[in-house]
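# Reading the structure
Letter by letter, the chains look like this.
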Amino acid sequence: MTKMIFNDQIMERENIVDIEDRAYQFGDGIYEVIGVYGGKPFLLDEHMERLQRSAKEIQLSLPYTMEQLRRNLVQLVKTNELDEGIIYMQVSRGVSSREHYFPGNSITPVTIAYTRAEERMSATEDAGATAVLVEDIRWLRCDIKTLNLLPNTLAKQKAVENNAIEAILHRGDTVTEASASNVFIVKEGELFTHPANNYILNGITRRKVIQLCESLGIQVHEEAFTVKTLLQADEVFVTATKSDIIPILKIDNQSIGQESPGKITRKIIQSFRSAIRELEKS
Ligand SMILES: *Cc1c(COP(=O)(O)O)cnc(C)c1O
């Protein structure tokens, strides 16, 4: 049995949810999913910084320093002998008698983390997948990685019911992101993706792709685009931790480009894979 983190302890994995944990009742908390390759967490500092930002945005003060959290997560991966997979980590506001308002200073946030072994999705990355379009019905603070994921789960369920890998979200005419990943399109050799504002979650994979494109000499525009532009794109791909970069070949039964992973997308996938190989060798 693998171990878990409960607050600042590594312990046996067990069911310890309190019925009045605010994560359970209100989704009042934040989380991160961190990829692990060759026993090493990928872009851990970036994930820790985003966690800190999410915490600040919901006025939750993290009970541990970033350094402590970081050390515990690295130790958890070692203890669980995880080679390839993910760390799931969440911090809830804590346990208190159920009231909507914040309970004040008496409450201590509850931190949990566990690991899960997962294979890489290389085959899907090479073959591509399909997506569906779903209206983005989320609130106006999508930049916070909160535990409130009901609209995201409804969207993903619709994708699965249509044998698709993702639900691409749009607010009216504007494409925002996908249910659990960010969306990029390629138009005449250049990339477009929605700007990192309150309408999307600024993915760590998204940021890594933008950074890699700089060294590849591929121009990236952080600009919103319409559903029509999406459907007429030369290439489309989605990015997220662990699934990395998935080419999208069909959206709502409409073919994208040549219906096979495009040249630019493949170039970026290769570059992303070498960044992972570097981590594994380090
Ligand atoms: C986590 C998440 C992503 C992807 O972020 P990564 O840091 O790349 O894993 C994109 N969209 C939503 C809504 C998310 O929750």
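Small disclaimer: the values here were computed from a predicted structure and weren't measured.

Parameters at a glance
Residues numbered from 1 in each chain as written. Predicted model: local features only at pLDDT ≥ 70, side-chain atom pairs only at ≥ 80, totals over all residues. Heavy atoms only, no water. Pairing = 2+ DSSP bridges. Helix = DSSP H or I, 4+ residues; strand = E, 2+ residues; numbered from the N terminus. Domains from an automatic or database assignment. Contact = heavy atoms within 4.5 Å. Buried area = accessible area lost by both parts, 1.4 Å probe. Salt bridge = Lys/Arg side-chain N within 4 Å of Asp/Glu carboxyl O. Phe/Tyr/Trp six-rings, centres within 6.5 Å; stacked < 30°, edge-to-face > 60°. Buried < 20%, exposed > 50% of the residue type's maximum accessible area, 1.4 Å probe, protein only. Core = buried A, V, L, I, M, F, W, Y, C linked by side-chain atoms within 4.5 Å. Patch = residues over 30% accessible without salt bridge, like charges linked within 9 Å, V, L, I, M, F, W, Y side chains within 5 Å. Areas by Shrake-Rupley, 256 points an atom, 1.4 Å probe, with all protein chains shown as cover. Near = heavy atom within 4 Å. Polar contact = N/O pair within 3.5 Å; in protein donor to acceptor, adjacent residues only side chain to side chain. Nonpolar A, V, L, I, M, F, W, Y, C, P; charged D, E, K, R; others polar. Expected span 1.5 Å × (residues − 1). Arc of directions from axis to C-beta.

Spatially, the six strands line up as an open sheet ordered β2-β1-β6-β5-β3-β4, and their pairing is antiparallel. Two strands in the sheet have a free side with no partner beyond their single neighbour: β2 (9–12) and β4 (40–41). In this structure, strand β1 (residues 3–6) lies alongside β2, joined through four bridges in antiparallel fashion. Residue pairing in the sheet places Met4 in a bridge with Met11 of β2.

Right, let's talk about the domain arrangement of the protein for a bit. The assigned domain composition of the protein is domain 1 (3–117) and domain 2 (122–281). Relative to domain 2, the C-alpha centre of domain 1 lies at a distance of 26 Å. With 29 residues of domain 1 in contact, the opposing surface of domain 2 contributes 23 residues. With both chains or domains summed, domain 1 and domain 2 bury close to 2200 Å², and 61% of this area falls on carbon and sulfur atoms. By the criterion of area lost to domain 2, the three top residues of domain 1 are Tyr31, Tyr37 and Arg50, representing 33% of everything that side buries. Run the count over domain 1 and domain 2 and you get three salt bridges.

With the rule as written, the count across this model stands at five aromatic pairs. With 5.8 Å between their ring centres and 25° between their planes, Tyr31 and Tyr88 make a pair best called stacked. You can see Tyr31 sitting in strand β3 (residues 29–37) and its partner Tyr88 sitting in strand β5 (residues 85–92), a full 57 residues away along the chain. The exposure class of Tyr88 is buried, given its relative accessible area of 15%. Ring centres of Phe42 and Phe272 lie 5.7 Å apart, and the angle between their planes is 85°; on these two criteria the pair is classed as edge-to-face. Separated by 230 residues along the polypeptide, Phe42 in the loop between β4 and α2 (44–57) and Phe272 in helix α8 (residues 263–281) bring together distant segments of the chain.

As a further point, take the nonpolar core. In this structure, Ile30, Met48, Leu62, Leu73 and Met89 are the most contacted members of the largest nonpolar core, which totals 23 residues. For this core, the secondary-structure elements that each account for two or more residues are β3, α2, α3 (66–79) and β5. When residues of this core are assigned to their parent elements, the largest contribution, five residues, is made by α3. Those residues in contact with Leu62 that sit more than four places away from it in its chain are Ile30, Leu51, Gln52, Ala55 and Val91.

It is worth spelling out a nonpolar patch on the surface at this point. There is a patch of nonpolar side chains on the surface, built from Val17, Ile19 and Tyr24 and spanning about 380 Å² of accessible area. Here Ile19 lies in the loop between β2 and α1 (22–26).

Quick look at unusual backbone geometry now. What is expected of a backbone is that most residues other than glycine have negative phi and most peptide bonds are trans. The phi dihedral of Asp244 falls on the positive side, at around 60°, and the residue is not glycine. Relative to the assigned elements, Asp244 resides in strand β15 (residues 244–251). The phi angle at Asp252 is positive, at roughly 50°, despite the residue not being glycine. Topologically, Asp252 is positioned in the loop between β15 and β16 (254–255).

The next subject is the pattern of salt bridges. A complete count under the given rule lists 20 salt bridges for this structure. Two residues, Lys3 and Glu12, come together in a salt bridge whose shortest N-O distance is 3.3 Å. On the basis of relative accessibility, which here comes to 42%, the residue Glu12 falls in the partly exposed class. Taken together, the salt bridges that share partners define one network made up of Arg53, Lys56, Glu57, Arg141 and Asp143.

Below, the discussion takes up the site of the ligand. The environment of the ligand is made up of 16 residues, and the closest members are Lys145, Glu177, Ile204, Thr205 and Thr241. The separation between an oxygen atom of the ligand and a polar side-chain atom of Lys145 is 2.7 Å. Take Ile204: an N or O atom from its main chain is 2.8 Å from an oxygen atom of the ligand. Here the ligand has 380 Å² of accessible area as a free molecule, and 94% of this is covered by the chains. Of the residues assigned to the shell around the ligand, the class counts are five nonpolar, seven polar and four charged.

Here α3 spans 20 Å end to end across 14 residues, near enough to the 20 Å set by a 1.5 Å rise per residue. For α3, every residue scored as buried is listed here: Met66, Leu69, Asn72, Leu73, Leu76 and Val77. Buried residues in α3, looked at end-on, bunch into an arc of 135°, giving them a common side. Opposite the packed face of α3, turned more than 90 degrees from it, sit the exposed residues Arg71 and Lys78. A positive phi of about 50° marks Glu81, the residue just after α3.

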